[in-house]
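# Analysis of the macromolecular model
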Amino acid sequence: MKIVLAADGFVSATHDDSQDISGVSDYVGCLVLSVPNGTAVEVGQVWLVTVAEAQAARVAEAAAACDAILAPLAARFGAYERDTWPAQLAEARALLADPALATPPQAGQVDAIPTIRTITAVTGEDLGAFAAAVVKNNDDWLRLTAHVAGQRQVFVARLKDCATVADVLAVPLAIGLPGVGP
């Protein structure tokens, strides 16, 4: 079960663990804590938390904020396509390092770029151009996720400096994409 703890220390709401309440505007400035199912909790009761518990709740909040920003971008691609990305990247790097790999293998030879060759056979794209695009897309994604991860790490570092629960609650969480948010 999740409880929402207002800055004044009172429980303001309870929710099932499966509910995503990360974007509820009424809960800005509150802590969302997980408690064991069956724990006696009533809205309006005082709930004492330690600084460490408050920090852990805010770290979880930051992780959820990062996922909320990045998940829609990743969701444009199906899981099975994403499963091919490591192979595409390895093959793209190999092909860019050795353009001779573009030549189809002879009978009995192992194809060094089977994933890329299969995809481009369907799409009709040039092998080299496709390989360059794969590397660029990977680099762009890494920069994007690093930007988001860096913001989360700054937030977590600020939480570590907090001495009270009020201090923990006062640290603003601002996670955004490059050129769009913080």
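Higher on the page you've got the structure.
Residues numbered from 1 in each chain as written. Predicted model: local features only at pLDDT ≥ 70, side-chain atom pairs only at ≥ 80, totals over all residues. Heavy atoms only, no water.

## Here we look at the packing of aromatic side chains
Enumeration over the complete set of coordinates arrives at one aromatic pair. Ring centres of F77 and W85 lie 5.2 Å apart, and the angle between their planes is 75 degrees; this geometry places the pair in the edge-to-face category. With a relative accessible area of 25%, F77 lands in the partly exposed category. Overall, the relative accessible area of 32% leaves W85 in the partly exposed class. (Phe/Tyr/Trp six-rings, centres within 6.5 Å; stacked < 30°, edge-to-face > 60°. Buried < 20%, exposed > 50% of the residue type's maximum accessible area, 1.4 Å probe, protein only.)

## Here's the deal with the nonpolar core
I3, L5, L31, L33, V41 and W47 are the most contacted members of the largest nonpolar core, which totals 19 residues. Elements supplying a minimum of two residues to this core: β1 (2–5), β3 (31–34), α1 (51–74), α5 (127–160) and α6 (165–170). Of the residues forming this core, the biggest block, three residues, is contributed by α1. If near-sequence neighbours (up to four positions away) are discounted, W47 is found in contact with I3, L5, G9, V11, L33, V35, T39, A40 and V41. Among the nonpolar cores identified, the runner-up in size contains 10 residues, and I113, I116, F130 and V135 belong to it. (Core = buried A, V, L, I, M, F, W, Y, C linked by side-chain atoms within 4.5 Å. Helix = DSSP H or I, 4+ residues; strand = E, 2+ residues; numbered from the N terminus. Contact = heavy atoms within 4.5 Å.)

Geometric descriptors of this kind do not, in isolation, establish any biological role.
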